[in-house]
Amino acid sequence: MVVEQPVGRRGTRTIDVMTAIRAKVASRALGPDDRLPSIRAFAKTMGVSPSTVVEAYDRLAAEGLIRAKQGSGFYVSASALPPLVLAEKLPPTERAVDPFWVSRQSLDADSAALKPGCGWLPPDWMPHEALRRALRAIARADNAVLSDYGSTRGSFTLRRLLMGRFAEEGIELSPDQLLLTASGTQAVDLICRFLLRPGDAVLVDDPCYFNFRALLRAHQVKIASVPYTPSGPDIASFEAILAAERPRLYLTNSALHNPTGATLTAQAAHRLLNAAAAHDLTIVEDDIFADFEPEPSVRLAALDGLNSVIRIGSFSKTLSASVRCGYIAARPDWISDLLDLQVATSFGGPSPLATELIASVLSSGSYRKHMEELRRRLARVRRETAGKLQHIGIEPWLMPRGGFYLWCRLPDGCNSADMARASLADNVVLAPGNVFSASQTAASFMRFNVAQCDDPIVIDVLQRTIGKSCPSNC
């Protein structure tokens, strides 16, 4: 039983209740139109009388932070939410090692930094001569290419090339099923704007590409995760999560999964699509690593026929991260709405300079030769890097069929976040496991970019950091 406090003390307790509610709203534990705890329940939680909670709720309603509904209780006012703060403003070594941490360290590192944790190939691996030839040709193009906005759907030339590539997979696209975007990230952002509302549930793999988590956080949705296996998501867990959480979207990589390098099997793909259909789940298949496969593997979009699967991709991994362009392939009615969203947020499609440059390179024989050379080169450095890592006790979870990632287990007792912080002192940027894990169960894992591990300093720093940071190796 709560004993009523004197008036002076009650005023202080009222402020305590108000502060607790403000904190819940500021942290997004309570979102727009969420119902506040009942007066009696919150009084019990806070250890105060119901009249104290009533006074606190009345004051917050007067401020506009919450509003009362007759006979229903109190709700958060959508217009009263403070600006969303995604990450703390702290020095790199003091910040939480979260999805933003790896992005900031990789993108802002100086030119001398070694980046085995970054998500792109070194500059000297990219097709610079082909890009320069395309740039020279574009310099002679119509003035509109050099100065106009992009059309709403993006370059017809590039879209036609993409439609041909889809046809090789058995996906027959109509022109109104394809939309070019400013990047692969923008493609996901547009889909989230279109299909999600704050508080919706979204399913991701565990582990998954860390920027999926960062972007979903910006959309204020609930993130659910499914354990990932060498053949795809754990199907039993997948089905259980769909029944329990009712997610609106599932974001995944089918081919050369990021960060594990695994490839979805045909059996897992069929079971996944059946479960998705039973629960009205939309799947976003990020195919950004497709061209790194030695032979094409199963694709959800091809099996589904772009009914409940949306295919996205970009060219930043294969051609240039400086020339950004992505795409969305989906149902015609969805593309129409996504097009309007892109106009509203970007006023048109991607830069004509970017799309014409990419189309020029893709349509030349140089791109095919470039990718063949990349696959050969990556196969060699993947084996070499795996051997070097194993020599110091870091074991690959599996050996991928292609691509440039190795998902590795660290020696017993090692915490990848601690190692990543310590390695910054040596100007080495690492990608610790838990930035990829919504469940925070990957502290003993780390993702390595094999194309960024050729400098002997990387292995030296890893070995030294293991010796200092891992208790079992001291």
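Residues numbered from 1 in each chain as written. Predicted model: local features only at pLDDT ≥ 70, side-chain atom pairs only at ≥ 80, totals over all residues. Heavy atoms only, no water.

**Focus: the overall build of the protein**
No. 1: Within the protein, the secondary structure is distributed over 17 helices and 14 strands.
No. 2: In terms of overall size, the protein behaves like a compact globule, its C-alpha atoms giving a radius of gyration of 25 Å where 474 residues would be expected to give roughly 23 Å.
No. 3: The principal-axis extent of the C-alpha atoms belonging to the protein is close to 85 × 60 × 45 Å.
No. 4: Within the protein, buried positions represent 51% of all 474 residues.
No. 5: Across the protein, every contact between residues at least 6 apart in sequence was considered, and the portion connecting residues at least 24 apart equals 73%.
No. 6: Put simply, the protein shows about 21100 Å² of open surface, and 52% of that area lies on carbon and sulfur atoms.
No. 7: Of the side-chain charges in the protein, 52 are positive and 49 negative, and the distance between the mean point of each set is 3 Å. (Helix = DSSP H or I, 4+ residues; strand = E, 2+ residues; numbered from the N terminus. Rg over C-alpha atoms; globule rule 2.2 N^0.38 Å. Buried < 20%, exposed > 50% of the residue type's maximum accessible area, 1.4 Å probe, protein only. Contact = heavy atoms within 4.5 Å. Areas by Shrake-Rupley, 256 points an atom, 1.4 Å probe, with all protein chains shown as cover. Lys, Arg positive; Asp, Glu negative; His and termini not counted. Charge placed at Lys NZ, Arg CZ, Asp CG, Glu CD.)

**Overview of the packing of aromatic side chains**
Aromatic ring pairs are described here by two measures, namely the spacing of the ring centres and the angle between the planes.
No. 1: For the coordinates displayed, the defined rule picks out 17 aromatic pairs.
No. 2: Summarising the aromatic geometry, the rings of phenylalanine 42 and tyrosine 57 are spaced 6.4 Å apart at their centres and angled 25° between planes, so their arrangement reads as stacked. A residue pair is termed long-range when its members are at least 10 positions apart, and phenylalanine 42 in helix α2 (residues 39–46) and tyrosine 57 in helix α3 (residues 50–63) qualify at 15 residues. The same class applies to phenylalanine 42 and to tyrosine 57, which are both buried.
No. 3: Judged by centre distance (5.6 Å) and plane angle (75°), the ring pair of phenylalanine 289 and tyrosine 405 falls under edge-to-face. One end of the pair, phenylalanine 289, is in the loop between β8 (282–286) and α12 (300–304); the other, tyrosine 405, is in strand β12 (residues 405–409), and 116 residues separate them in sequence. Tyrosine 405 matches phenylalanine 289 in its accessibility class, with the two residues each being buried.
No. 4: Within the aromatic cluster, the residues linked to one another by ring pairs are Tyr209, Phe210, Phe212, Trp407, Phe436 and Phe445.
No. 5: Geometry around tyrosine 75 places lysine 69 over its ring, the cationic atom sitting 4.4 Å from the centre.
No. 6: Against the face of tryptophan 125 rests arginine 377, its NZ or CZ located 3.9 Å from the ring centre. (Phe/Tyr/Trp six-rings, centres within 6.5 Å; stacked < 30°, edge-to-face > 60°. Lys NZ or Arg CZ within 6 Å of the ring centre and 35° of its normal.)

**As for helix α16 (residues 416–423)**
Residues that lie three or four places apart on an α-helix share one face, since the helix turns once every 3.6 residues.
No. 1: All buried positions along α16 are accounted for by Ser416, Ala417, Met419, Ala420 and Ser423. Taken end-on, α16 shows its buried residues confined to a sector of 160°, consistent with a single buried face.
No. 2: Those residues of α16 that are buried are in contact with α4 (99–108), β13 (431–432), β14 (445–449) and α17 (456–469).
No. 3: The opening residue of α16 is asparagine 415, an N-cap whose side-chain oxygen sits 3.0 Å from the backbone nitrogen of alanine 417. (Arc of directions from axis to C-beta. Polar contact = N/O pair within 3.5 Å; in protein donor to acceptor, adjacent residues only side chain to side chain.)

**As for the confidence of the model for the protein**
No. 1: Summing up the model confidence of the protein, the mean pLDDT is 90 and the portion of residues at 70 or higher is 93%.
No. 2: The low-confidence segment residues 1–9, where pLDDT is below 50, has eight contacts with residues more than four positions distant or belonging to other chains. (pLDDT = per-residue confidence, 0-100.)

**Quick word on the sheet that holds strand β5 (residues 222–229)**
No. 1: Strands sit in the order β3-β10-β9-β8-β7-β4-β5-β6 across an open sheet of eight strands; the sheet is mixed. The sheet terminates laterally at β3 (178–181) and β6 (232–233), the two strands that pair on one side only.
No. 2: Relative to β8, strand β7 (residues 249–252) runs parallel, the two sharing four bridges. The partner of leucine 249 across the bridge, within β8, is threonine 282.
No. 3: Packing of helix α10 (residues 235–245) onto the sheet brings it into contact with β4 (201–206), β5, β6 and β7, and relative to β5 it is tilted by some 165°. (Pairing = 2+ DSSP bridges. Axes fitted to C-alpha atoms, helices over the stretch in contact; angles between N-to-C directions.)

**Remarks on the layout of surface pockets**
Gaps left between atoms show up when a probe the size of a water molecule is rolled over them.
No. 1: Roughly 770 Å³ of internal volume is contained in the second largest pocket.
No. 2: For the lining of the second largest pocket, the elements supplying multiple residues, two or more each, are α7 (156–168), β9 (309–314) and α15 (365–391).
No. 3: Here the lining of the second largest pocket is composed, by residue class, of 13 nonpolar, four polar and twelve charged. (1 Å grid on protein atoms, 1.4 Å probe; cavity = no way out; pocket = protein on both sides within 12 Å on 5 of 7 lines; lining within 4 Å. Points joined across faces, edges and corners; volume = space filled by probe spheres on them. Nonpolar A, V, L, I, M, F, W, Y, C, P; charged D, E, K, R; others polar.)

**Structural notes on the pattern of salt bridges**
No. 1: On inspection of all chains with the given rule, the structure shows 22 salt bridges.
No. 2: Residue arginine 299 pairs with glutamate 293 through a salt bridge whose shortest N-O separation is 2.8 Å. Note on accessibility: arginine 299 and glutamate 293 belong to one class, buried.
No. 3: Measuring nitrogen to oxygen at the nearest pair gives 2.5 Å for the salt bridge that ties glutamate 293 to arginine 401. With glutamate 293 in the loop between β8 and α12 and arginine 401 in the loop between β11 (395–396) and β12, this pair connects stretches of sequence that are 108 residues apart. (Salt bridge = Lys/Arg side-chain N within 4 Å of Asp/Glu carboxyl O.)

**Details of empty space enclosed by the protein**
No. 1: Tallied over the entire structure, the rule returns one cavity of 30 Å³ or more.
No. 2: Forming the walls of the largest cavity are Leu256, His257, Gly261, Phe289, Gly402, Gly403, Phe404 and Tyr405.

**Some words on the environment of serine 439**
No. 1: Counting through the fold element by element, serine 439 comes out in the loop between β13 and β14.
No. 2: What makes serine 439 partly exposed here is its relative accessible area of 35%.
No. 3: For the pair serine 439 and aspartate 206, spaced 233 residues apart in sequence, the C-alpha to C-alpha distance is 7.2 Å.
No. 4: At 2.5 Å, the side chain of serine 439 forms a polar contact with the side chain of aspartate 206.

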